[in-house]
Amino acid sequence: MGPVATATSEVTPRTPTNRPSLVSVGTIIWLSSELMFFAALFAMYFTIRSVDKGLGEPWPPVHLNLPLATTNTLVLLASSVTCQMGVFAIERGQVRRSRSIFHPMSWGLREWYVLTFFMGLYFVLGQGYEYIFDLLLGRTYAARTVTHEQQVAAIVVSYYWHFVDVVWIGLFTTIYLIH
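Not measured: the values here are computed from a predicted model.

Draft legend 1. Quick peek at helix H1 (residues 22-54). Here H1 spans 48 Å end to end across 33 residues, near enough to the 48 Å set by a 1.5 Å rise per residue. Gly56 sits one or two residues past H1 and shows a positive phi near 80°.

Draft legend 2. Fine view of the packing of H1 against helix H5 (residues 158-177). Interhelical geometry of H1 versus H5 gives an angle of 10° and a closest axis separation of 11 Å. Judged on the interaxial angle alone, H5 and H1 are roughly parallel. Together, Thr27, Trp30, Leu31, Glu34, Leu35, Phe38, Phe42, Tyr45 and Phe46 of H1 and Tyr159, Tyr160, Phe163, Val167, Gly170, Leu171, Thr174 and Ile175 of H5 make up the contact between the two elements. Per-class residue counts for the contact of H1 with H5 are 13 nonpolar, three polar and one charged.

Draft legend 3. Region of interest: the nonpolar core. The biggest cluster of nonpolar side chains holds 22 residues, and the ones touching the most others in it are Leu76, Phe163, Trp168, Leu171, Ile175 and Tyr176. Among the elements of the structure, H1, helix H2 (66-91) and H5 are those that each provide at least two residues to this core.

Draft legend 4. Expanded view of the pattern of salt bridges. The tally for this structure, following the rule as stated, stands at one salt bridge. One salt bridge in this structure joins Glu111 and Arg97, with 3.7 Å as the shortest N-O distance. Residue Glu111 is found in helix H3 (residues 109-133), and its partner Arg97 is found in the loop between H2 and H3; the two are separated by 14 residues along the sequence. On the basis of relative accessibility, which here comes to 13%, the residue Glu111 falls in the buried class.

Draft legend 5. How the structure looks around the side chain of Asp165. On the secondary structure map, Asp165 appears in helix H5. At 2.9 Å, the side chain of Asp165 forms a polar contact with the side chain of Ser80. Residues in contact with Asp165, not counting those within four places in the same chain, are Leu76, Leu77 and Ser80.

What counts as what
Residues numbered from 1 in each chain as written. Predicted model: local features only at pLDDT ≥ 70, side-chain atom pairs only at ≥ 80, totals over all residues. Heavy atoms only, no water. Helix = DSSP H or I, 4+ residues; strand = E, 2+ residues; numbered from the N terminus. Expected span 1.5 Å × (residues − 1). Axes fitted to C-alpha atoms, helices over the stretch in contact; angles between N-to-C directions. Parallel < 35°, antiparallel > 145°, perpendicular 65-115°, else oblique. Contact = heavy atoms within 4.5 Å. Nonpolar A, V, L, I, M, F, W, Y, C, P; charged D, E, K, R; others polar. Core = buried A, V, L, I, M, F, W, Y, C linked by side-chain atoms within 4.5 Å. Buried < 20%, exposed > 50% of the residue type's maximum accessible area, 1.4 Å probe, protein only. Salt bridge = Lys/Arg side-chain N within 4 Å of Asp/Glu carboxyl O. Polar contact = N/O pair within 3.5 Å; in protein donor to acceptor, adjacent residues only side chain to side chain.

Below you can see the structure in the form of structure tokens.
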């Protein structure tokens, strides 16, 4: 007869180095839910677009302001850089600038995030301008971008800010470049 294994009631605690960060796990779950939400909105957009095109209706249903959308997109992408610069500053332990405001490389988290906020505000106001003066694009475009912009305005964190850029690139490509 061979050796017999025995059970033990001894618990081996996990060390913090083996355990994933709860913030990281929560962020991944949250961004995954956001990804599913936007995937559903994209699916709705493509479904309505295919039905409209199948019925011979023009697509998009209104004139798109490509120069404004391109400018907004470039500002949003640049804001991702300023957001990340704020992350780098706080990793150095720098909350405030160490020199004049005219020396951006000496800026701390606050200055970079204030600039990021204003760039995000420019993006939101630019999209609002397009809604008001260039008319709404239709049934799903406003729902996708208004919800998106509310989240951007409410939460200015690095992971989400980068996620926003990726989603906006998808929206910009889908709505303005693919016809």
